[in-house]
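# Structural features, examined
So the chains spell out like this:
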Amino acid sequence: MDSAVYALIVNAVVAGLFAVTFAIIRLSYPGQRYVTYFALTYLIGGLTPLSELGVRLTPFTTPFMMLSYGSFLVSIAMLLLGLAPMAGRRRPWGAFGLLILCGALLRAAIWDGPRNELWYELAFQSPFMVGSGMATVIAVDAVRRRRDPLWLALGIALALMTTYFIIKPLFAAAFGSGATPIAYAASSYALLSQSVGGMLIVTVGLLVLLLVVQAAMGRTIAESETDPLTGIANRRGFDRRAQAMMADARAREQPMAAILFDLDHFKRVNDSYGHATGDAVLRAFARILSDRLPASAAVGRLGGEEFVALLERTTLRGAWLSAQTVRTALSETASHLPAVTISAGLAVLEPVDTIDSLLERADRAAYAAKDAGRNCIRPVPDPVAVEPQRASRAG
């Protein structure tokens, strides 16, 4: 077995392994639909080295030449359909169709052209240059927006692949790529093409695979830290963000406050209207917290009818105003939901606080609010806030 045949077999096997791996990930994580296109990229791309073997080992060169060119062109175009949504962009269906159409027409136009001529080799490689160049642009745009080193590495690999397609015609024109398909298959140019191209395709595949796994892990972590009913953070997710916010507040010597919200008499809502209505109330309250509190706030559901918010750069007075905004908004909820009120407790971050001790003080304050008649906020930091608080109790 000569080196070129060995390289072709290795490339076909590697492409098959990538296709199977991406297919398994797609089945394991149904939400990552774009992984389907990566599986198809390598499944279809694997036909290219097999077609090259067909050119070498059978007398039927024409169909294998067509399959080799077509499968590689479609696999390059298919890569765009996977990269774009993974990078947060729309799938470029127009570019996908145009690339395949123009590539097919160009190949038909030069079918009987003179091999080893620079113009012929440039025309032959140009669809692959354009396709890999477009993939490079997608990766570079993702780097600009996300600052992710994996995307940077992928962008570099794709840029090298684009450069490879630019250099190939120069090499073919200078050293020859074979006057016929069979001569090409046995040439040093074919060995170089399969070896270098195979290494670049494997590099791109590994980096794409790492990005897919990274996204899958991120999705799994997000799901494990999200309350499925309300869509905001659960206790685990809240704690993780709160730890980082507390560390930052201490490093910057800035104030921070916690608000613990408890829906008043929520059991009566479930008993009187049913759990479906109770769930709707919880979802509505979670939306109020997300909409009315600052975007920088960490908001979470601790369990049952208890919710929490952590506000950076916020004093006790600022926390009271935020809690009052939420309390007022709750009274204006949709008419199809039963009327509910909240009791809220406030606490500010102390030098020795942990997240547990901070929330414990806020919880005690929330109990004090309930003892004061519910539908109010405790503690009140100064006399200016006393009258609004009394008004809230009267409501």
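Please refer to the structure higher up on the page.
### With respect to the nonpolar core
Across soluble globular proteins, nonpolar side chains show a tendency to be buried alongside one another. Phe 22, Leu 83 and Trp 151 are the most contacted members of the largest nonpolar core, which has 48 residues in total. When residues of this core are traced back to their parent elements, those giving at least two are helix H1 (3-28), helix H2 (35-45), helix H4 (61-86), helix H5 (93-109), helix H6 (118-146), helix H7 (149-175) and helix H9 (188-224). Considering each element in turn, this core owes the most residues, 12 residues, to H4. Dropping the residues within four chain positions of it, Leu 83 is found in contact with Phe 38, Ala 135, Ile 138, Trp 151, Leu 154, Leu 158 and Val 208. In terms of nonpolar packing, the next biggest core, distinct from the first, is built from 32 residues, Ile 259, Phe 261, Ala 297 and Ile 377 among them.

### Looking at the side chain of Thr 136
Its location among the elements puts Thr 136 in helix H6. The residues touching Thr 136, leaving out its near neighbours within four places in the chain, are Gly 155, Leu 158, Ala 159 and Thr 162.

### A look at the packing of aromatic side chains
Applying the stated criterion to the full structure yields 18 aromatic pairs. With 5.6 Å between their ring centres and 40° between their planes, Phe 22 and Phe 38 make a pair best called tilted. You can see Phe 22 sitting in helix H1 and its partner Phe 38 sitting in helix H2, a full 16 residues away along the chain. For the pair Phe 22 and Phe 38, one class covers both residues: buried. Relative to Phe 38, the ring of Tyr 34 lies with its centre 6.2 Å away and its plane at 80°, an arrangement referred to as edge-to-face. An aromatic cluster of three or more residues is present, and its members are Tyr 69, Phe 72, Trp 119, Tyr 120, Phe 124, Phe 128, Tyr 164 and Phe 165.

### Remarks on the sheet that holds strand S4 (residues 342-348)
Judged by pairing direction, the sheet is mixed, and its 5 strands sit side by side in the order S2-S3-S1-S4-S5 without closing on themselves. In this open sheet, the two edge strands, each paired with only one partner strand, are strand S2 (298-303) and strand S5 (377-378). In this structure, strand S1 (residues 256-263) lies alongside S4, joined through 7 bridges in antiparallel fashion. When the sheet's bridge partners are listed, Leu 263 is paired in S4 with Ile 342. Packing of helix H14 (residues 355-371) onto the sheet brings it into contact with S1, strand S3 (306-312), S4 and S5, and relative to S4 it is tilted by some 140°.

### Focus on H6
When the terminal C-alpha atoms of H6 are compared, their 39 Å separation across 29 residues agrees well with the 42 Å that a helix rising 1.5 Å per residue should span. A maximum bend of about 45° is found in H6 at Gln 125, where proline Pro 127 lies one to four positions downstream. Just past H6, the residue Arg 147 takes up positive phi, approximately 55°.

Analysis parameters
- Residues numbered from 1 in each chain as written.
- Predicted model: local features only at pLDDT ≥ 70, side-chain atom pairs only at ≥ 80, totals over all residues.
- Heavy atoms only, no water.
- Core = buried A, V, L, I, M, F, W, Y, C linked by side-chain atoms within 4.5 Å.
- Buried < 20%, exposed > 50% of the residue type's maximum accessible area, 1.4 Å probe, protein only.
- Helix = DSSP H or I, 4+ residues; strand = E, 2+ residues; numbered from the N terminus.
- Contact = heavy atoms within 4.5 Å.
- Phe/Tyr/Trp six-rings, centres within 6.5 Å; stacked < 30°, edge-to-face > 60°.
- Pairing = 2+ DSSP bridges.
- Axes fitted to C-alpha atoms, helices over the stretch in contact; angles between N-to-C directions.
- Expected span 1.5 Å × (residues − 1).
- Bend = angle between axes of the 7 residues up to and from the residue.

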